[in-house]
Amino acid sequence: MEQIRPLAVVISDQAVPQLVEFCRQQGLHKLFMVADVRTYAAQGQAVAQALAAAGFDLKQIVFRNDEVVADAAHILDVLLAAGGEERTCIAVGTGTLTDITRFVSHRTRSAFISVPTAPSVDGFASIGAPLIIHGVKITVNCQAPLALFADINTLAAAPRAMIAAGFADMLAKFTSVADWRLGRLLWDEPYDEAIAQRTLAAVQICVDNAAAIAEGEAAGLTWLMDALLESGYCMLDFGNSRPASGTEHHYSHYWEMKLLREGRPAILHGAKVGVATVLVAGLYDRLRQLSQAEVADLLEAAAWPARGEEMARIAAAYGDLADDVAAGQESFLGLDEAHVERLKRRILANWDEIQAIAAQVPPAAEVAALLAQVGGPTTAAELGFDDSERDLAIANGHYLRDRFTAHKLMRVLGLME
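What you see is a predicted model, and the numbers here were worked out from it, not measured in a lab. (Residues numbered from 1 in each chain as written. Predicted model: local features only at pLDDT ≥ 70, side-chain atom pairs only at ≥ 80, totals over all residues. Heavy atoms only, no water.)

> Give a description of the sheet that holds strand β2 (residues 30-36) that names residues and reports values.
Strand pairing in a sheet relies on backbone hydrogen bonds, with the paired strands running either antiparallel or parallel. In space, the six strands of this open sheet follow the order β1-β8-β5-β4-β2-β3, with parallel pairing throughout. Every other strand in the sheet has two partners, leaving β1 (8-12) and β3 (57-63) as the edge strands with one partner each. Neighbour-to-neighbour, the strand axes of this sheet turn through a mean angle of 15 degrees, independent of strand direction. Of the strand pairs in this sheet, strand β5 (residues 112-116) and strand β8 (residues 147-151) are connected by two bridges, and their pairing is parallel. The partner of Ile113 across the bridge, within β8, is Ala147. In the packing of helix α3 (residues 72-82) onto the sheet, contacts are made with β2 and β3, and the angle to β3 comes to roughly 155 degrees. Docked against the sheet, helix α4 (residues 95-107) engages β2, β3, β4 (88-93) and β5, running at close to 170 degrees with respect to β4. (Pairing = 2+ DSSP bridges. Helix = DSSP H or I, 4+ residues; strand = E, 2+ residues; numbered from the N terminus. Axes fitted to C-alpha atoms, helices over the stretch in contact; angles between N-to-C directions. Contact = heavy atoms within 4.5 Å.)

Written out as structure tokens, the structure reads:
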């Protein structure tokens, strides 16, 4: 199925009637709604009643469990409930329900419609579905929604923590774009400057409207939702999550996997990402303080860890998941001495540009102040993690993606283990 932008995007107090009219105009008579008990109460019931009143053939699954995870078990539940029929899916909820529905609809060659119930993540309009498979967080490219209908009153009634999470997910683009630029400069990763600029422009809209977002004003939440959608479009246009996901998301993914392994309650994606963004902004603070002469000394003294050492670290951090994690790090694990030396020379030769990239990331204290303004957590302790759990994510989160980042740069410089 061709990946396209949504045919319709509506953020208003008439979103549900317009959803009904869209389905009528598109000839979408058979529908399948995915929700949980919270999102059904917030929006799903109104959607179901409106569609039923209009004569549509609607099936639905409403998860009753306390915590819905985008994993194989929940995906199978949705596939079974869908019944093998050709139906357009409707995801009523935020990130997890949207990701499950995105994946199921794509694999069943169906379209899906997104009905967000909170402005909490930037993945509504993207093609990627972050899933937990065999305990590892991976992102599977699927498809964008056919359309998106967000009721502004529902968004405004969302818990403050979810609004703060969406704001935090946008602030993360400061570090994700900087990481992306490092990847282009030092690792020859695919890059698109126009998309990077669009992503940063969307972040700035959120920063400029932080007070209105913090107050839950309709105008502020519309700005936030627009920015989240634009971030999704940037991922859609580039073809993967690189514009919107860097070191900060890797730390967050590590924490999420740890919570799942230990059977602990989930924490909002954006809340984890926001705290991680403060930590990664701190890495860029340190990079800005280094002169080229200091970098030359650091590179001369630094030794790239041997493959055996790295494999031991991955095994200690990920246990039974180590082989799957290591497979995604082969380009780094396989570096020989000659390649490491070339990378070091490249870093030194481009230090002025690296400094320019770092200068575009706000100081960690400023990122934390913005998060606090909208009521979001700013430290790992506020998430319920102790210092050791914070440090585990910092030390091991970078293994989850094959991308060059500020964390990888700090390791080459010998400033991180």
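> Can you explain helix α7 (residues 173-187)? Please cite residues and give values.
Every α-helix carries 3.6 residues per turn, so stepping three or four residues along brings you back to the same face. With 15 residues, α7 should cover 21 Å at 1.5 Å per step; its first-to-last C-alpha distance of 20 Å lies within 8% of that length. Burial analysis of α7 places 13 of its 15 residues in the buried class, which makes it a mostly covered element. Asp188 lies just past α7 and shows a positive phi near 55 degrees. (Expected span 1.5 Å × (residues − 1). Buried < 20%, exposed > 50% of the residue type's maximum accessible area, 1.4 Å probe, protein only.)

> Talk me through the environment of Asp122; I want residue IDs and the actual numbers.
Along the polypeptide, Asp122 turns up in the loop between β5 and β6 (128-133). Not counting chain neighbours up to four residues away, the residues in contact with Asp122 comprise Asp169, Lys173, Leu228, Ser231, Gly232, Met235 and Ala244. Side-chain polar atoms of Asp122 contact the side chain of Ser231, separated by 2.8 Å. (Polar contact = N/O pair within 3.5 Å; in protein donor to acceptor, adjacent residues only side chain to side chain.)

> Explain the packing of aromatic side chains to me, and be specific about the residues and the numbers.
One pass over the full model with this rule turns up eight aromatic pairs. Considering the side-chain rings of Trp187 and Phe332, the 4.5 Å spacing of their centres and the 5 degrees angle between planes classify their relative orientation as stacked. Of the two residues, Trp187 sits in helix α7 while Phe332 sits in helix α16 (residues 330-333), which places them 145 residues apart along the sequence. Residue class for Trp187 comes out partly exposed when judged on its relative accessible area of 22%. Residue Phe332 is classed as buried on the basis of its relative accessible area, which comes to 3%. Feature note: the residues Trp180, Tyr191 and Phe238 constitute an aromatic cluster, connected by ring pairs. We note Arg5 situated over the ring of Tyr233; from NZ or CZ to the ring centre the distance is 4.5 Å. The cationic tip of Arg184 hangs over the ring face of Tyr191; the distance from NZ or CZ to the ring centre is 5.3 Å. (Phe/Tyr/Trp six-rings, centres within 6.5 Å; stacked < 30°, edge-to-face > 60°. Lys NZ or Arg CZ within 6 Å of the ring centre and 35° of its normal.)

> Which residues make up the packing of helix α11 (residues 247-261) against helix α12 (residues 269-288), and what values go with them?
Interaxial distance between α11 and α12 falls to 8 Å at its minimum, and their mutual angle equals 130 degrees. As far as their axial angle goes, α12 and α11 are oblique. Note that α11 runs across α12; the crossing there is right-handed. Contact residues: α11 offers Thr247, Glu248, His249, Tyr251, Ser252, His253, Trp255 and Glu256, while α12 offers His269, Lys272, Val273, Val275, Ala276, Thr277, Leu279, Val280 and Leu283. (Parallel < 35°, antiparallel > 145°, perpendicular 65-115°, else oblique. Left-handed = near helix turned anticlockwise from the far one by under 90°.)

> How would you summarise the nonpolar core if you had to cite specific residues and measurements?
Within the largest apolar cluster, 100 residues are counted, with the highest numbers of intra-cluster contacts made by Leu287, Tyr318, Ile347 and Leu409. The greatest single-element share of this core, amounting to nine residues, is contributed by α12. Of all hydrophobic cores here, the second largest spans 23 residues; its members include Ala35, Ile113, Val115 and Phe149. (Core = buried A, V, L, I, M, F, W, Y, C linked by side-chain atoms within 4.5 Å.)

> Before we move on, could you go through unusual backbone geometry and cite the residues and values that matter?
With a phi close to 55 degrees, Arg109 is a non-glycine residue in the positive phi region. When you line up the elements, Arg109 lands in the loop between α4 and β5. For Asp188, which is not a glycine, the phi torsion comes out positive at approximately 55 degrees. Inspection of the secondary structure assignment puts Asp188 in the loop between α7 and α8 (193-208). For Asp188, a relative accessible area of 55% translates into the label exposed.

> Can you break down the pattern of salt bridges residue by residue, with the values?
For the structure on display, the rule yields 26 salt bridges. For Lys173, the salt bridge goes to Asp122, with nearest N and O atoms at 2.7 Å. Residue Lys173 is found in helix α7, and its partner Asp122 is found in the loop between β5 and β6; the two are separated by 51 residues along the sequence. Each of the two residues, Lys173 as well as Asp122, counts as buried. Residue Glu389 is joined to Lys258 by a salt bridge in which the shortest nitrogen-to-oxygen separation is 3.0 Å. Of this pair, Glu389 sits in helix α21 (residues 387-396) while Lys258 sits in helix α11, and the two are 131 residues apart along the sequence. (Salt bridge = Lys/Arg side-chain N within 4 Å of Asp/Glu carboxyl O.)

> So what's going on with the pairing of β6? Which residues, and what values?
Every other side chain in a regular strand lies on the same face of the sheet, so the side chains alternate between the two faces. Bridge count for β6 against strand β7 (residues 136-141) is six bridges, and the pairing is antiparallel. Following the sheet pairing, Gly128 is matched in β7 by Asn141. Connecting β6 to the next strand, β7, in antiparallel fashion are two residues, including His134 with a positive phi near 55 degrees.

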